[in-house]
Amino acid sequence: MLEQHLEIARLTRELASQLLEKAVMVARHFDLGTTEVRAIEQLYLSGPMTAGDLGRALALTSGSVTALVKRLQANDLITRTVDRQDRRKAWISLRDDKVEEFLRPYLSTIAQGQSVIDRFSDDDLATVTRFLKEYCTASSAENMATERETRADSAKPGGRRDASGTITGVGAGLS
């Protein structure tokens, strides 16, 4: 059972690395940073998002996502639309006139991926999709629990603790 988990983890990490490598190449091509390209990819895949949603999707702090949105706006890559129901909320979208330009470097990757997808049945694809969704949900829940635990430990006098409970640093400004 552990071997299956490790193989799945290895393969998903390998796929993530390949996708990040593609983002790096696209970033160089468009003279952008990798984070900007990852944001563009996320907006293309997910559609309009709030800054908070985009930050969570990219694992960025609120300050980092604010700077990111400013850079994307400065490069005329996105539009910000104020929510009609809640004027405090703004939706960030990839500009329609930029989509084709950014898709071009991905076309061969998309075609190769589609050729793989075409070899699987609808039932197989539904299983893979369900697995990935559940695996992502479980991983996300674990990450959130670890983050809460880390914040709680670092705020205590005595600092951070590793998995065994050993103090590894000083927290709460006691350094």
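1. Remarks on a nonpolar patch on the surface
Logical step 1: On the surface, Val 128, Phe 131 and Leu 132 cluster together to form a nonpolar patch covering roughly 230 Å² of accessible area.
Logical step 2: For Val 128, the position within the fold is in helix 7 (residues 122–155).
Logical step 3: Using a relative accessible area of 40% as the deciding quantity, one classes Val 128 as partly exposed.

2. Some points on the pairing of strand 2 (residues 90–94)
Logical step 1: Within strand 2, 4 of the 5 residues are buried, which leaves it mostly tucked inside the rest of the structure.
Logical step 2: One ladder, built from 5 bridges, connects strand 1 (residues 78–82) with strand 2; its direction is antiparallel. Across the sheet, Thr 79 pairs through a bridge with Ser 93, a residue of strand 2.

3. Topic: the packing of helix 2 (residues 34–46) against helix 3 (residues 51–58)
Logical step 1: At a closest axis distance of 10 Å, the pairing of helix 2 and helix 3 adopts a crossing angle of 115°. When the axis of helix 2 is compared with that of helix 3, the two are roughly perpendicular. Every pair of crossing elements has a handedness; the one defined by helix 2 and helix 3 is right-handed. Residues Thr 35, Arg 38, Ala 39, Gln 42 and Leu 43 of helix 2 form the contact with helix 3, whose participating residues are Leu 54, Ala 57 and Leu 58.
Logical step 2: Its residues assigned to classes, the contact of helix 2 with helix 3 comprises 5 nonpolar, 2 polar and 1 charged.

4. A word on the packing of aromatic side chains
Logical step 1: Summed over all chains, the structure comprises 2 aromatic pairs.
Logical step 2: An angle of 40° between the planes, with centres 4.3 Å apart, marks the rings of Phe 30 and Phe 102 as tilted. With Phe 30 in helix 1 (residues 2–30) and Phe 102 in helix 5 (residues 96–103), this pair connects stretches of sequence that are 72 residues apart.
Logical step 3: Owing to a relative accessible area of 5%, Phe 102 belongs among the buried residues under this scheme.
Logical step 4: Taking the centre distance of 5.3 Å and the plane angle of 35° together, the rings of Phe 131 and Tyr 135 count as tilted. Note that Phe 131 and Tyr 135 are positioned in helix 7 at a spacing of 4 residues, about one turn of the helix.
Logical step 5: With relative accessibility at 35%, the residue Phe 131 sits in the partly exposed group.
Logical step 6: The side chain of Lys 22 reaches across the aromatic face of Tyr 106, ending 6.0 Å from its centre.

Criteria and thresholds
- Residues numbered from 1 in each chain as written.
- Predicted model: local features only at pLDDT ≥ 70, side-chain atom pairs only at ≥ 80, totals over all residues.
- Heavy atoms only, no water.
- Patch = residues over 30% accessible without salt bridge, like charges linked within 9 Å, V, L, I, M, F, W, Y side chains within 5 Å.
- Areas by Shrake-Rupley, 256 points an atom, 1.4 Å probe, with all protein chains shown as cover.
- Salt bridge = Lys/Arg side-chain N within 4 Å of Asp/Glu carboxyl O.
- Helix = DSSP H or I, 4+ residues; strand = E, 2+ residues; numbered from the N terminus.
- Buried < 20%, exposed > 50% of the residue type's maximum accessible area, 1.4 Å probe, protein only.
- Pairing = 2+ DSSP bridges.
- Axes fitted to C-alpha atoms, helices over the stretch in contact; angles between N-to-C directions.
- Parallel < 35°, antiparallel > 145°, perpendicular 65-115°, else oblique.
- Left-handed = near helix turned anticlockwise from the far one by under 90°.
- Contact = heavy atoms within 4.5 Å.
- Nonpolar A, V, L, I, M, F, W, Y, C, P; charged D, E, K, R; others polar.
- Phe/Tyr/Trp six-rings, centres within 6.5 Å; stacked < 30°, edge-to-face > 60°.
- Lys NZ or Arg CZ within 6 Å of the ring centre and 35° of its normal.

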